[in-house]
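Chain by chain, the residues run as shown.
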Protein chains: 2
Amino acid sequence: MNIILLSGGSGKRLWPLSNDIRSKQFIKIFKGKDGQYESMAQRMYRGIRTIDTDAKVTVATSKSQSSEIHNQLGDNVGISVEPCRRDTFPAIALATSYLHDVQGVSEDEPVVVCPVDPYVEDDYFKALKDLADLASKGNANLTLLGMEPTYPSEKYGYIIPVTKDEVSKVKEFKEKPDEETAKEYLKQGALWNGGIFAYKLGYVLKRAHELIDFIDYTDLFNKYDTLTKISFDYAVVEKEPSIDVLRFHGVWKDLGTWNTLTEAMDENIIGKAEEDDTCENTHIINDLDIPVLAMGLKDVVVSASPDGILISDKHQSSYIKPYIDKLEQPVMYAEKSWGSFRVLDVEKGSMTIKVTLTPGHRMNYHSHERRDEVWTVISGTGRTIVDGMEQNVKAGDVITMQAGCRHTVIADSELQLIEIQLGKEISVSDKKKYKFDEE
Amino acid sequence: MNIILLSGGSGKRLWPLSNDIRSKQFIKIFKGKDGQYESMAQRMYRGIRTIDTDAKVTVATSKSQSSEIHNQLGDNVGISVEPCRRDTFPAIALATSYLHDVQGVSEDEPVVVCPVDPYVEDDYFKALKDLADLASKGNANLTLLGMEPTYPSEKYGYIIPVTKDEVSKVKEFKEKPDEETAKEYLKQGALWNGGIFAYKLGYVLKRAHELIDFIDYTDLFNKYDTLTKISFDYAVVEKEPSIDVLRFHGVWKDLGTWNTLTEAMDENIIGKAEEDDTCENTHIINDLDIPVLAMGLKDVVVSASPDGILISDKHQSSYIKPYIDKLEQPVMYAEKSWGSFRVLDVEKGSMTIKVTLTPGHRMNYHSHERRDEVWTVISGTGRTIVDGMEQNVKAGDVITMQAGCRHTVIADSELQLIEIQLGKEISVSDKKKYKFDEE
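Predicted model, so just to flag it, every value in this text is computed and none were measured.

**What to know about the overall build of chain A**
Then step 1. Of the regular secondary structure elements, chain A holds ten helices and 30 strands.
Then step 2. Rg of the C-alpha trace for chain A: 24 Å, near the compact-globule value of 22 Å for 439 residues, within the 12% margin.
Then step 3. The principal-axis extent of the C-alpha atoms belonging to chain A is close to 70 × 60 × 40 Å.
Then step 4. Evaluated residue by residue, chain A yields a buried proportion of 55% over its 439 residues.

**Details of unusual backbone geometry**
Residue and element names in this part refer to chain A.
Then step 1. Cis geometry is adopted by the peptide bond preceding Pro16, which originates at Trp15 and carries an omega value of 5°.
Then step 2. Even without being a glycine, Asp387 presents a positive backbone phi close to 50°.
Then step 3. Residue placement: Asp387 occurs in the loop between strand E25 (381-386) and strand E26 (389-394).

**Quick notes on the sheet that holds strand E27 (residues 398-401) of chain B**
Residue and element names in this part refer to chain B.
Then step 1. Strand order in the open sheet formed by six strands is E20-E21-E22-E29-E24-E27, and the pairing between neighbours is antiparallel. Lying at the two open borders of the sheet, with one neighbouring strand each, are strand E20 (333-336) and E27. Pairwise comparison of adjacent strand axes, ignoring direction, gives a mean angle of 20° for this sheet.
Then step 2. Pairing of E20 with strand E21 (residues 339-347) involves four bridges; the strand directions are antiparallel. Paired with Ala334 across the bridge in E21 is Phe341.
Then step 3. The sheet strands contacting helix H2 (residues 63-73) are E20 and E21, and the helix crosses E20 at an angle near 70°.

**Some thoughts on the relation of the copies chain A and chain B**
In summary, the two copies of the chain are related to each other by a rotation about an axis coupled with a shift along it.
Then step 1. Once turned by 180° and shifted 0.0 Å along the axis, chain A lies on chain B with an RMSD of 0.1 Å. The transformation relating the two chain copies, once decomposed into turn and shift, fits a two-fold axis. For chain A, the smallest separation between a C-alpha atom and the rotation axis is recorded for Leu344 of chain A, amounting to 2.9 Å.
Then step 2. Residue by residue, 100% of the interface of chain A is reproduced at the interface of chain B, so both copies engage with the same surface.

**Here we look at the packing of aromatic side chains**
Then step 1. Applying the stated rule across the entire model yields 26 aromatic pairs over all chains.
Then step 2. Measuring from centroid to centroid gives 5.8 Å for Tyr124 of chain B and Phe248 of chain B, while their planes differ by 75°, and the two rings are edge-to-face. Note that Tyr124 of chain B is positioned in helix H4 (residues 122-137) and Phe248 of chain B in strand E12 (residues 243-248), a separation of 124 residues in sequence.
Then step 3. What links up through ring pairs into an aromatic cluster is the set Phe89, Phe197, Tyr199 and Phe232 of chain A.
Then step 4. Directly above the ring of Phe30 of chain B sits Arg43 of chain B, whose terminal nitrogen or CZ lies 5.3 Å from the centroid.

**As for the interface of chain A and chain B**
Then step 1. Contacts between the two partners involve 55 residues from chain A and, on the opposite side, 55 residues from chain B.
Then step 2. Interface area for chain A against chain B, summed over the two sides, is near 4100 Å², with a carbon-plus-sulfur share of 67%.
Then step 3. It is Leu293, Met295 and Ile311 of chain A that lose the most area in chain A upon contact with chain B, and together they represent 16% of the buried surface on that side.
Then step 4. The interface formed by chain A and chain B holds six salt bridges in total.
Then step 5. Where Glu347 of chain A meets Lys354 of chain B, a salt bridge forms, and the shortest distance between an N and an O atom there is 2.5 Å.

**Description of the nonpolar core**
Then step 1. Membership of the largest hydrophobic core comes to 64 residues, with the highest contact counts inside it found for Ile309 and Ile311 of chain A together with Ile309 and Ile311 of chain B.
Then step 2. Here Ile309 of chain A is in contact with Trp15, Pro16, Ser303 and Ala304 of chain A together with Leu288, Ile290, Pro291, Val292, Leu293, Ala304 and Ile309 of chain B, once residues within four sequence places are set aside.

**Focus: the side chain of Ser305 of chain A**
Then step 1. Along the chain, Ser305 of chain A falls in strand E18 (residues 300-305).
Then step 2. Overall, the relative accessible area of 0% leaves Ser305 of chain A in the buried class.
Then step 3. Not counting residues up to four positions away in its chain, the partners in contact with Ser305 of chain A are Pro16, Leu17, Arg22, Asp287 and Leu288 of chain A together with Ile290 of chain B.

**Some thoughts on the environment of Trp375 of chain A**
Residues and elements named next belong to chain A.
Then step 1. Mapped onto the elements, Trp375 comes out in strand E24 (residues 372-379).
Then step 2. Here the alpha-carbon distance between Trp375 and Lys354, two residues 21 residues apart in the chain, equals 9.6 Å.
Then step 3. In contact with Trp375, other than residues within four places in its own chain, are Met363, Thr384, Asp397, Val398, Ile399, Met401, His407, Thr408, Val409, Leu417, Ile418 and Glu419.
Then step 4. Within the structure, the side chain of Trp375 is placed 2.8 Å from the side chain of Glu419, a separation counted as a polar contact.

**As for helix H3 (residues 88-101) of chain B**
Then step 1. Its 14 residues give H3 of chain B an end-to-end C-alpha distance of 19 Å, which sits within 8% of 20 Å, the value for a rise of 1.5 Å per residue.
Then step 2. Burial analysis of H3 of chain B places eleven of its 14 residues in the buried class, which makes it a mostly covered element.

**Some thoughts on the confidence of the model for chain A**
Then step 1. Summing up the model confidence of chain A, the mean pLDDT is 93 and the portion of residues at 70 or higher is 98%.
Then step 2. Interface confidence in the predicted complex, given as ipTM, is 0.83; pTM for the same model is 0.84.

**Examining the sheet that holds strand E21 (residues 339-347) of chain A**
Consider a sheet: its strands pair through backbone hydrogen bonds, and that pairing is either parallel or antiparallel.
Residues and elements named next belong to chain A.
Then step 1. Taken in spatial order, the six strands of this open sheet run E20-E21-E22-E29-E24-E27, and their pairing is antiparallel. Each end of this open sheet is capped by a strand with a single partner; those strands are strand E20 (333-336) and strand E27 (398-401). Neighbour-to-neighbour, the strand axes of this sheet turn through a mean angle of 20°, independent of strand direction.
Then step 2. Note: E21 against strand E22 (residues 350-357), eight bridges, orientation antiparallel. Among the inter-strand pairings, Arg342 is bridged to a residue of E22, identified as Lys354.
Then step 3. Sitting on the sheet, helix H2 (residues 63-73) is in contact with E20 and E21, with an inclination near 70° to E20.

**Description of the side chain of Ser7 of chain A**
All names here are of chain A.
Then step 1. Within the secondary structure, Ser7 is located in the loop between strand E1 (2-6) and strand E2 (28-31).
Then step 2. Of the residues examined, Ser7 reaches a relative accessible area of 3% and is grouped as buried.
Then step 3. With sequence-adjacent residues up to four places away left out, Ser7 is seen in contact with Gln25, Phe26, Val59, Ala60, Thr61, Gln65, Ile69, Arg85 and Val116.

**So, the environment of Tyr319 of chain B**
Then step 1. Within the secondary structure, Tyr319 of chain B sits in the loop between strand E19 (308-313) and helix H10 (321-326).
Then step 2. Residues Tyr319 of chain B and Leu144 of chain B, 175 residues apart in the sequence, show an inter-C-alpha distance of 32 Å.

**Section: the pattern of salt bridges**
Opposite charge on two side chains allows them to pair when their charged atoms are near.
Residues and elements named next belong to chain A.
Then step 1. A complete count under the given rule lists 55 salt bridges over all chains for this structure.
Then step 2. A salt bridge links Arg370 to Glu425, with the shortest nitrogen-to-oxygen separation between them at 3.6 Å. Separated by 55 residues along the polypeptide, Arg370 in the loop between strand E23 (365-367) and E24 and Glu425 in the loop between strand E29 (415-422) and strand E30 (432-434) bring together distant segments of the chain.
Then step 3. Each of Lys206, Arg207, Glu210 and Glu240 takes part in salt bridges that share partners, so that together they form one network.

**A word on the pairing of E29 of chain A**
Residues and elements named next belong to chain A.
Then step 1. Judged by how many residues are buried, E29 sits mostly within the fold: eight of eight residues are covered.
Then step 2. Taking every second residue as pointing to the same face, both faces of E29 are buried, with Leu415, Leu417, Glu419 and Gln421 on one and Gln416, Ile418, Ile420 and Leu422 on the other.
Then step 3. With eight bridges joining them, E22 and E29 adopt antiparallel strand pairing. Within E29, the position partnered with Lys354 by the bridge is Ile418.
Then step 4. Of the strand pairs in this sheet, E24 and E29 are connected by seven bridges, and their pairing is antiparallel. Among the inter-strand pairings, Glu373 is bridged to a residue of E29, identified as Gln421.

**A closer look at the packing of helix H1 (residues 40-51) of chain A against helix H4 (residues 122-137) of chain A**
All names here are of chain A.
Then step 1. Where H1 meets H4, the closest approach of the two axes is 9 Å, and the angle between their N-to-C directions is 60°. Taken together, H1 and H4 sit at an angle that is classed as oblique. When you trace H1 past H4, the crossing you get is right-handed. Note on element contacts: H4 touches H1 through Tyr124, Phe125, Lys126, Leu128 and Lys129, opposite Arg43, Met44, Gly47, Ile48 and Ile51.
Then step 2. Across the contact of H1 with H4, the residue classes tally to six nonpolar, one polar and three charged.

What counts, and at which threshold
- Residues numbered from 1 in each chain as written.
- Chains lettered and ligands numbered in written order.
- Predicted model: local features only at pLDDT ≥ 70, side-chain atom pairs only at ≥ 80, totals over all residues.
- Heavy atoms only, no water.
- Helix = DSSP H or I, 4+ residues; strand = E, 2+ residues; numbered from the N terminus.
- Rg over C-alpha atoms; globule rule 2.2 N^0.38 Å.
- Buried < 20%, exposed > 50% of the residue type's maximum accessible area, 1.4 Å probe, protein only.
- Pairing = 2+ DSSP bridges.
- Axes fitted to C-alpha atoms, helices over the stretch in contact; angles between N-to-C directions.
- Contact = heavy atoms within 4.5 Å.
- Least-squares fit on C-alpha atoms with pLDDT ≥ 70 in both.
- Phe/Tyr/Trp six-rings, centres within 6.5 Å; stacked < 30°, edge-to-face > 60°.
- Lys NZ or Arg CZ within 6 Å of the ring centre and 35° of its normal.
- Buried area = accessible area lost by both parts, 1.4 Å probe.
- Salt bridge = Lys/Arg side-chain N within 4 Å of Asp/Glu carboxyl O.
- Core = buried A, V, L, I, M, F, W, Y, C linked by side-chain atoms within 4.5 Å.
- Polar contact = N/O pair within 3.5 Å; in protein donor to acceptor, adjacent residues only side chain to side chain.
- Expected span 1.5 Å × (residues − 1).
- pLDDT = per-residue confidence, 0-100.
- Parallel < 35°, antiparallel > 145°, perpendicular 65-115°, else oblique.
- Left-handed = near helix turned anticlockwise from the far one by under 90°.
- Nonpolar A, V, L, I, M, F, W, Y, C, P; charged D, E, K, R; others polar.

Here is the structure:
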């Protein structure tokens with residue numbers, strides 16, 4: 001099975017756990033099979049692997065997410081990096097062409113496209129497999145998964161099928177309706193459109209070539225920023241007469257706000273926190289090292305991370321966005337392909353950061369123009385390379401680096417260090433990367 | 001005017017801003033005359049200085065608070081350090097004997113005793129001066145300040161005066177009553193007993209010698225741990241027939257819980273925080289560098305410090321103590337006589353701390369048996385002394401210290417450094433102090 005997971009934009013609605021570089025799909029709040037917390041992305045990926053251990057999974061996403069995806073999903077996942085955001089049609093065209101030209105998937109094979117972030121259970125993955133099988137049979141050019149509605153929602157677009165059979169031809173699509181109209185749709189056996197569909201690779205590749213002038217994946221990648229923003233629904237679905245829909249009866253939820261997210265949590269508390277016995281329907285997610293104590297709260301979500309602290313009435317939390325847009329807070333925590341970093345202290349003229357590298361991983365070889373740095377290794381073993389000179393390092397070792405000097409660190413075991421940046425202008429953009437081979 | 005300020009125990013009820021070494025009187029939450037925030041202790045001290053610039057102020061307190069007192073009140077304040085806690089009679093006897101034997105105050109001079117932490121306004125300091133003047137006149141052995149009650153409180157003891165005159169003989173004292181009894185007291189013109197009183201120094205010194213066998217201040221200090229715990233009320237006040245009381249009509253509040261404390265705040269927010277417009281009667285005190293956002297909260301207090309985060313319904317917050325007693329959280333922030341420190345990161349085998357020294361101040365000259373340390377100066381200038389060798393330091397300088405090595409740092413301008421402690425057993429008790437002269 002070939003699956004394209006669409007991994008979308010930033011998740012300001014779930015601040016402070018999501019931020020400009022950490023989208024909601026990467027927040028670890030679900031108890032996994034091994035008792036470890038996992039993110040929506042990890043949960044989705046694990047589910048796919050359970051139903052099909054050989055599934056070829058490709059994540060279509062932006063460059064800013066690719067470190068995080070490798071960190072959470074490992075190196076077996078393919079990534080189709082969008083050089084810039086151009087809506088779903090160009091993204092799916094690029095990922096499809098990536099599957100064909102880079103991964104060597106044939107035009108006859110089925111491809112399933114779905115978002116990475118809905119909350120689903122095991123039957124969903126079974127449905128994805130059924131969807132791929134239907135696409136493979138070729139009864140229609142596109143096969144959609146339609147969600148059996150649980151209430152007349154105004155949040156979703158609707159699919160009106162010809163019959164109420166498990167698989168039916170699609171009669172028409174409807175935009176997000178008001179509640180009364182939604183009730184009418186439900187009587188007709190309408191289904192929610194969750195943006196999940198399957199096709200034979202060649203079908204979308206043909207559509208892409210009809211709508212975009214490009215030779216192959218590389219060419220499409222290079223001219224990506226010149227493409228018009230257009231959704232897959234508008235560019236393809238609405239113009240296609242041959243569409244089937246498969247009914248899905250299981251759990252499928254959009255956890256886009258603190259209110260819906262906390263509903264899906266297995267426990268009321270994640271992290272170091274306590275609620276007194278007068279708290280009701282109150283959830284705490286504490287990503288900080290310090291304890292949180294909640295007393296006498298009702299219908300409240302508390303969320304704390306190195307980026308900030310939110311305390312909100314659950315209903316009110318859906319109005320968070322304008323408040324976060326106003327915040328001028330630098331990113332204080334991030335997961336990278338090589339590990340993670342956390343800002344410990346910011347002062348005029350200095351910044352103190354804790355860096356954790358996973359075994360076998362390394363930072364880019366790089367230099368800074370306008371700041372000196374001091375590394376103190378606090379745990380683990382590895383090697384530093386400073387201006388071409390390699391040195392073994394362990395806890396207690398101190399490495400000082402003047403501005404301009406090229407440096408990196410390679411972890412042999414998990415390695416942690418405290419990095420102190422010193423300079424008048426400390427900025428993430430002050431970074432020049434080098435290939436080590438060039439030295 | 002001689003004033004003894006009683007500065008009492010830890011303030012767990014105001015966690016996380018108060019902790020074992022930081023009592024509630026040191027929390028900076030009041031807007032001072034210059035726009036800077038000041039603590040209850042600073043507010044009280046400033047008020048005393050305003051009414052009497054020459055006031056001789058002595059704080060009776062424990063050793064653990066003396067650094068904080070010098071940090072907040074400066075070096076002009078006297079401190080009578082209680083070697084251990086022995087209730088108010090031994091504490092007042094020790095401070096009185098300190099005034100006599102160390103500060104040279106004569107037996108004829110009046111002394112005013114009052115707690116450091118009530119919330120008061122300007123008229124209170126005028127009343128303290130009146131109290132000293134009454135004691136000076138010597139119409140009674142003890143002169144109390146009696147607070148005009150605003151409601152029949154069950155929280156206070158009551159003073160029943162003979163008349164309703166501004167100054168009256170005291171008829172009797174009453175323990176904390178129930179509400180009905182309190183209403184009866186109010187009809188009789190009763191006053192709250194706030195533990196504020198004045199006497200001629202010689203009076204309490206005589207009582208002290210009658211009840212305790214000691215020669216002078218030094219002798220009393222040395223045998224302090226052998227003394228019986230007994231309150232001044234029980235040991236002296238209840239046995240004294242000659243007591244006057246002065247009525248006080250102004251503001252006098254005990255800010256011992258988050259509920260009462262937030263009532264006295266000038267603004268709803270201190271620190272980096274925002275409330276949406278659906279918040280009602282919600283106070284935020286944020287001592288962290290990261291932003292707090294509160295949405296849709298009603299009658300809630302949010303308080304965040306390096307020690308932890310409290311979110312509580314205001315009424316419920318008075319039941320906080322058992323929850324804090326359970327917490328096993330090391331102190332993450334403290335003000336010392338030489339400046340302050342803040343724990344930035346704790347890992348197995350390492351601790352990272354930010355140290356700020358005020359100009360002209362220095363740490364003790366000390367060593368550790370079981371940990372190495374690395375200092376990186378991030379701002380300011382000063383000198384380090386490591387195993388007797390002095391060196392000028394500035395931002396960017398790195399000093400490494402092996403276990404056993406003696407070291408200190410002296411700030412010439414305000415100096416900040418990041419201290420990284422490395423070792424298998426990191427403990428605050430692993431510290432040996434030296435006099436630098438001995439080197």
